[in-house]
Protein chains: 2
Amino acid sequence: MSRKWLIKNGTFAVLKEDCTIVRGYMLVEGDTITYIGEQRPEGVEGAETFDGKGLLFLPGLVNTHGHAAMSLLRGYGDDMVLQNWLQEKMWPMEAKFTGADVYAGTALSVLEMLKGGTTTFLDMYDHMDQVAKVVEESGIRAVLTRGVIGLCPPEVQDQKLQEAIRFARDWHGKADGRITTMISPHAPYTCPPDYIEKFVQVAHDLDLPMHTHMSETLAEVEQNVKDYGARPVEHLRKLGMFSRPTLLAHAVHLTDEEIYVLAAHHVAVSHNPGSNLKLASGVARVPELLSKGVVVSLGTDGAASNNNLDMFEEIRLAALIHKGVSGDPTAVPALEALKMGTEYGAKSLFMQNTGRLAAGMKADFIALNTEQAHFLPKTDYISHVVYSAGPKDVEHVWINGKQVVKHGACLTLDEEKVRFEAQAAFEGLLAR
Amino acid sequence: MSRKWLIKNGTFAVLKEDCTIVRGYMLVEGDTITYIGEQRPEGVEGAETFDGKGLLFLPGLVNTHGHAAMSLLRGYGDDMVLQNWLQEKMWPMEAKFTGADVYAGTALSVLEMLKGGTTTFLDMYDHMDQVAKVVEESGIRAVLTRGVIGLCPPEVQDQKLQEAIRFARDWHGKADGRITTMISPHAPYTCPPDYIEKFVQVAHDLDLPMHTHMSETLAEVEQNVKDYGARPVEHLRKLGMFSRPTLLAHAVHLTDEEIYVLAAHHVAVSHNPGSNLKLASGVARVPELLSKGVVVSLGTDGAASNNNLDMFEEIRLAALIHKGVSGDPTAVPALEALKMGTEYGAKSLFMQNTGRLAAGMKADFIALNTEQAHFLPKTDYISHVVYSAGPKDVEHVWINGKQVVKHGACLTLDEEKVRFEAQAAFEGLLAR
């Protein structure tokens, strides 16, 4: 992993407030970026060079909430009331998912994510060994966690908890360090309080962060108050979850007080604008969260409720909807939205060395082809990325220093095989 | 124009309520679709065939509101308060636009639109002869209209009106019928009432439809009430505009009563969700408009306030934001959103024979490459187009029976030249 190579003629989105773009050189050694600057670095005489002309280099996009295998149910039920969608469409099909289905669906999702510039994703699902296998093979970086629903007898609860522990322990740090793990009770409304406390204890024991769904719908918040006499933030705080580094998915319905508590406990939020809009869950209070210092990142959620895994779309939605809904055209400006999809994504996942283009960071980055009409004129590349770019502008992708997408084609997965197997898996589910 | 050719193995989005997709054959004769069906049509022995395997054929997308030349200002000012954006950024630059700039900006926009599957666009701007020239050369279909701002002395008002008349008369029906024209006072807040009445008379004299901006912002509605004692709908109705076929852009802020009046007068609305969100204008009452029978189509607005000309994004936004904001996940379902971007677009522009895939319609259609991860599994192609597709999934585009995009490359415009000249024009504007 000592291979040294140099990008010249590059335009690099370093995303600092006072300097968003650097034009010049980037040096990669093994899995790490070791230099970015206008001047050619010293001591690179023998290094291989890569011509970055016409390309815009960005940190790889970070998708902080999803269920990759659910791409097998993309388009299987849309425009429905949430409970009907879950009860008539999603749950009956998901109950039939085998490990092989999860492998096929995850491979389909990872293919879409890699080609669309996502270099790190969080996945919360079942049959997680299969997900880890896809991550290992594809070269992507991932935070993996067995999401446990606790509405079951105590012995099944215990078995699922043991499985979550086993998975988190087995895979943490694997695949050249590309896989890390978390501990995830599915949600306050699907896990009894004493069961959530057990997960908190496990997270302490294994020294891992926690992840859960929270306050996605208003009904869920009202039910929490009815069942436990507290809104979800206070409920989870009392159960000790915020004593661990924690990432909450959705957090759509929050009071000022709850935002204050999240900020005080350094709890991160994965904002899923596409999914929240499509399922009519509402619009999260993102400008308020950001202004109070909460780290807000972006997630696609599963492809059954999105219905794609396009992080450019989530970045754009984050920049657009909060302006439209608040009436403030300065809300969530382009630079902030792009950081939500990159730097804040890595922070949400408690990663120290990914999410930015800077010396010392892991070499996870993507190159967009800017020689296209929608990148002109050359005014503001950050604006163009946020308000105009799309997944198929991604020309190349590198993760951990290794190229995984070249001229739009995936180097690590057999695209045709992945597509064929996903379709076959869906047909198998329908037939069973 | 009698050339006959047959698409076989095609999947055609005919978008009927009871049958959204037909698999089989489509016959094109000259500029017209003459057959779609599962069976091979009779009498096509000698016809050239085109293999549609792996392609999804859609009616071409129809963009019903925009200012194409403004792509020269893409990214030149973002995330600003509307009045500052206009006064500090847009207006000083637009005042410098020459005919050559309008040509360069329009060519850049038409290139982006063609490659992204838009086959018809409405353009309201200045130097419209240059816009017509680009339309003529590029093969796109367009509804063109000189947008007139009337805040000027009477002699200038009169000169602009004469120019609008001359343009509308000269170009209506030109370019093999691909160009039609409209009559456009810019907006109720930029044109005095007696001036708007003159445009209404002209529209009657030339038998042309009318187009204007209306109720984009709340401030504009309040000003209208203050200045004229009526909200914009009542104001325009009194001035006689709705006695003509009329298309209103934006119409964000409407009362129930105003929606009723628009429906009663068969006034169409161009909904511009991307621009309305970005400029924080608000969220139009689209579900209510549709339920009262108003024809609602989609527009990108200018690329300076969007910042792209991607109609897939507008279709998706239309399907997403009204669910999220209303709390109703069944609002604006996928099929309705796709019709807004196609069939309803053509209706909004008062075109009788475009906007659908059906025998007798003009041969304006596009083919998407569905052999990609985000089109799997093969559940519901309408859902995939609306919730998952993007502009670069467009493989081929035909307009008026003639192919203008082939394997993603534009056949009618020199892409490199268009990009170079747009950048040069922007630099010229900055330097002047």
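Since the structure is predicted, the reported quantities are computational estimates derived from the model, not experimental observations.

Novice: How should the overall build of chain A be read in this particular structure?
Specialist: Looking only at helices and strands, chain A features 15 helices and 18 strands. Across its three principal axes, chain A shows a C-alpha extent of roughly 65 × 45 × 40 Å. Residue pairs in contact within chain A that sit at least 24 positions apart in sequence constitute 71% of those at least 6 positions apart. Total accessible area on chain A is roughly 15200 Å²; 50% of this is exposed by carbon and sulfur atoms.

Novice: Which parts of the structure should I look at to understand the packing of helix α2 (residues 99-115) of chain B against helix α3 (residues 128-138) of chain B?
Specialist: Helix-helix packing: each pair is described by the crossing angle between the helix axes and the interaxial distance. Residue and element names in this part refer to chain B. Two elements in contact, α2 and α3, have axes whose closest approach is 8 Å; the angle formed by their N-to-C orientations is 40°. Relative to α3, α2 is oriented so that their crossing is right-handed. Contact with α2, carried on its side by Gly99, Val102, Tyr103, Thr106, Ala107, Val110 and Leu114, involves Gln130, Val131, Lys133, Val134, Glu137 and Ser138 of α3 and no other residues of that element.

Novice: For this particular structure, what's the right way to read the interface of chain B and chain A?
Specialist: By a widespread convention, an interface's size corresponds to the accessible area lost as its parts come together. Tallying the contact residues gives 54 residues for chain B and 54 residues for chain A. Buried surface at the junction of chain B and chain A, both sides included, amounts to about 4400 Å², of which 61% is carbon and sulfur. Counting across the interface, chain B meets chain A through six salt bridges. The salt bridge involving glutamate 313 of chain A is made with arginine 316 of chain B; its shortest N-O contact spans 2.8 Å. At the surface where chain B touches chain A, the tally comes to 34 residue pairs in polar contact (both at pLDDT 80 or more). Those elements that place two or more of their residues in the side of chain B that touches chain A are α2, α9 (273-278), α11 (311-326), α14 (381-387) and α15 (415-431) of chain B. Per element, the largest residue contribution to the side of chain B that touches chain A is eight residues, and it comes from α11 of chain B. Residues belonging to the side of chain B that touches chain A are distributed by class as follows: 22 nonpolar, 17 polar and 15 charged.

Novice: I would appreciate a short explanation of the domain arrangement of chain A in the present structure.
Specialist: Residue and element names in this part refer to chain A. According to the domain assignment, chain A consists of domain 1 (4-60 + 356-410) and domain 2 (61-348). Computed over C-alpha atoms, the centres of domain 1 and domain 2 are 29 Å apart. Facing 29 residues of domain 1, the contacting portion of domain 2 comprises 31 residues. Counting the surface lost from both domain 1 and domain 2, the interface buries some 2400 Å², and carbon and sulfur atoms represent 67% of this. Of all residues in domain 1, Leu15, Val386 and Tyr387 bury the most surface against domain 2, accounting for 24% of the area lost on that side. On the surface where domain 1 and domain 2 come into contact, there are two salt bridges. Among the ionic pairs, arginine 141 bridges to aspartate 364, the shortest N-O distance being 2.7 Å. Between the two partners, domain 1 and domain 2, sit six residue pairs in polar contact (both at pLDDT 80 or more). Mapped by element, the contributors of at least two residues to the side of domain 1 that touches domain 2 are β5 (55-59), β15 (365-369), α14 (381-387), β16 (394-399) and β17 (402-406). If you tally residues by element for the side of domain 1 that touches domain 2, the top one is α14, at five residues. For the side of domain 1 that touches domain 2, the residue count by class is 18 nonpolar, seven polar and four charged.

Novice: Just checking my understanding: could you explain the UniProt feature "binding site: Zn(2+)" (unreviewed entry) in chain A for this structure?
Specialist: All names here are of chain A. Mapped onto this numbering, the UniProt entry annotates "binding site: Zn(2+)" (unreviewed entry) at His65, His67, His213 and Asp301. Across 237 residues in sequence, these annotated residues keep their C-alpha atoms within 11.9 Å of one another, forming a single compact spot. Note on placement: histidine 65 falls in the loop between β6 (61-63) and α1 (82-94). We classify histidine 65 as buried; its relative accessible area is 0%. Residues within four places of histidine 65 in sequence aside, it is in contact with Leu122, His211, His213, Ala249, His250, Ser270, Asn272, Gly299, Thr300 and Asp301. At 2.9 Å, the side chain of histidine 65 forms a polar contact with the side chain of histidine 211. One can find histidine 213 in strand β11 (residues 210-214). Given the relative accessible area of 5%, histidine 213 is considered buried. Setting aside anything within four residues of it in sequence, one finds histidine 213 in contact with His65, His67, Met124, His186, Ala187, Pro188, Ala249 and His250. Within the structure, histidine 213 has its side chain in polar contact with the side chain of histidine 65 (distance 3.1 Å).

Novice: For this particular structure, what's the right way to read the sheet that holds strand β13 (residues 268-271) of chain A?
Specialist: Adjacent strands of a sheet pair through backbone hydrogen bonds, lying either parallel or antiparallel. All names here are of chain A. Pairing is parallel in the open sheet, where four strands are placed in the order β11-β12-β13-β14. Unpaired on one side and paired on the other, β11 and β14 (296-298) mark the two borders of the sheet. This sheet shows a mean twist of 30° between the axes of neighbouring strands, independent of strand direction. Relative to strand β12 (residues 246-250), β11 runs parallel, the two sharing five bridges. Along β12, the bridge assignment pairs methionine 214 with histidine 250. Across the sheet, helix α11 (residues 311-326) lies against β13 and β14, angled at about 130° from β14, the strand it touches most.

Novice: Help me out: how do you make sense of the nonpolar core in this one?
Specialist: The tendency in soluble globular proteins is for nonpolar side chains to be buried side by side. The biggest cluster of nonpolar side chains holds 238 residues, and the ones touching the most others in it are Leu262 and Leu368 of chain A together with Leu262 and Leu368 of chain B. Residues in contact with leucine 262 of chain A, not counting those within four places in the same chain, are Val233, Phe242, Leu248, Leu254, Val267, Val269, Leu289 and Val294 of chain A. Listed in part, the 16 residues of the second largest apolar core include Phe12, Val14, Ile36 and Phe57 of chain B.

Novice: Whenever I open this one, the pattern of salt bridges confuses me. Can you help?
Specialist: Close approach of charged atoms allows side chains of opposite charge to pair. All names here are of chain A. Enumeration according to the criterion identifies 42 salt bridges over all chains in this entry. Across the pair glutamate 17 and lysine 339 runs a salt bridge whose closest N-O atoms are separated by 3.5 Å. Pair noted here: glutamate 17 is in the loop between β1 (4-16) and β2 (19-29) and lysine 339 is in helix α12 (residues 334-340), with a separation of 322 residues, a long-range link. Owing to a relative accessible area of 7%, lysine 339 belongs among the buried residues under this scheme.

Novice: Quick question: what am I supposed to make of the packing of aromatic side chains here?
Specialist: The description of two aromatic rings rests on the distance between their centres and on the angle between their planes. One pass over the full model with this rule turns up 24 aromatic pairs over all chains. Ring pairs connect the aromatic residues Trp5, Phe12, Phe50, Phe57, Phe365 and Trp398 of chain A, which therefore count as one cluster. Taking the ring centre of tyrosine 76 of chain B as reference, the NZ or CZ of lysine 89 of chain B above it sits at 4.6 Å. The ring centre of tyrosine 387 of chain A lies 4.7 Å from the NZ or CZ of lysine 278 of chain B, which sits over that ring.

Novice: Is there a simple way to explain the relation of the copies chain B and chain A in this structure?
Specialist: Relating the two copies of this chain is a rotation about some axis coupled with a shift parallel to it. Each copy superposes on the other: chain B lies on chain A with an RMSD of 0.0 Å after a rotation of 180° and an axial shift of 0.0 Å. Those values place the two copies in the arrangement expected of a two-fold rotation axis. When each C-alpha of chain B is compared by its distance to the rotation axis, lysine 392 of chain B comes out closest, at 3.3 Å. The residues that chain B uses at the interface reappear at the interface of chain A in 100% of cases, marking a shared surface.

Novice: Would you explain the pairing of β1 of chain A in this entry?
Specialist: Looking along a regular strand, one sees the side chains alternate between the two faces of the sheet. Residue and element names in this part refer to chain A. By the bridge criterion, nine bridges tie β1 to β2 in an arrangement that is antiparallel. Looking at β2, one finds that alanine 13 is bridged to isoleucine 21. From the end of β1 to the start of β2, which pair antiparallel, there are two residues.

Novice: Is there a simple way to explain the environment of glutamate 257 of chain B in this structure?
Specialist: For glutamate 257 of chain B, the position within the fold is in helix α8 (residues 256-264). By relative accessible area, which is 52% here, glutamate 257 of chain B ends up exposed.

Novice: In this structure, what is going on with the sheet that holds strand β12 (residues 246-250) of chain B? I would like to understand it.
Specialist: Residues and elements named next belong to chain B. One open sheet holds the four strands; their spatial order is β11-β12-β13-β14, and the pairing between them is parallel. Each end of this open sheet is capped by a strand with a single partner; those strands are β11 (210-214) and β14 (296-298). Between one strand and the next, the sheet's axes are offset by a mean angle of 30°, whatever the strand orientation. As paired strands, β12 and strand β13 (residues 268-271) are joined by three bridges and run parallel to one another. Paired with leucine 247 across the two strands is alanine 268, which belongs to β13. Lying over the sheet, α11 contacts β13 and β14, oriented at roughly 130° with respect to β14.

Rules used throughout
- Residues numbered from 1 in each chain as written.
- Chains lettered and ligands numbered in written order.
- Predicted model: local features only at pLDDT ≥ 70, side-chain atom pairs only at ≥ 80, totals over all residues.
- Heavy atoms only, no water.
- Helix = DSSP H or I, 4+ residues; strand = E, 2+ residues; numbered from the N terminus.
- Contact = heavy atoms within 4.5 Å.
- Areas by Shrake-Rupley, 256 points an atom, 1.4 Å probe, with all protein chains shown as cover.
- Axes fitted to C-alpha atoms, helices over the stretch in contact; angles between N-to-C directions.
- Left-handed = near helix turned anticlockwise from the far one by under 90°.
- Buried area = accessible area lost by both parts, 1.4 Å probe.
- Salt bridge = Lys/Arg side-chain N within 4 Å of Asp/Glu carboxyl O.
- Polar contact = N/O pair within 3.5 Å; in protein donor to acceptor, adjacent residues only side chain to side chain.
- Nonpolar A, V, L, I, M, F, W, Y, C, P; charged D, E, K, R; others polar.
- Domains from an automatic or database assignment.
- UniProt positions renumbered as here; feature names shortened; annotations may be inferred.
- Buried < 20%, exposed > 50% of the residue type's maximum accessible area, 1.4 Å probe, protein only.
- Pairing = 2+ DSSP bridges.
- Core = buried A, V, L, I, M, F, W, Y, C linked by side-chain atoms within 4.5 Å.
- Phe/Tyr/Trp six-rings, centres within 6.5 Å; stacked < 30°, edge-to-face > 60°.
- Lys NZ or Arg CZ within 6 Å of the ring centre and 35° of its normal.
- Least-squares fit on C-alpha atoms with pLDDT ≥ 70 in both.

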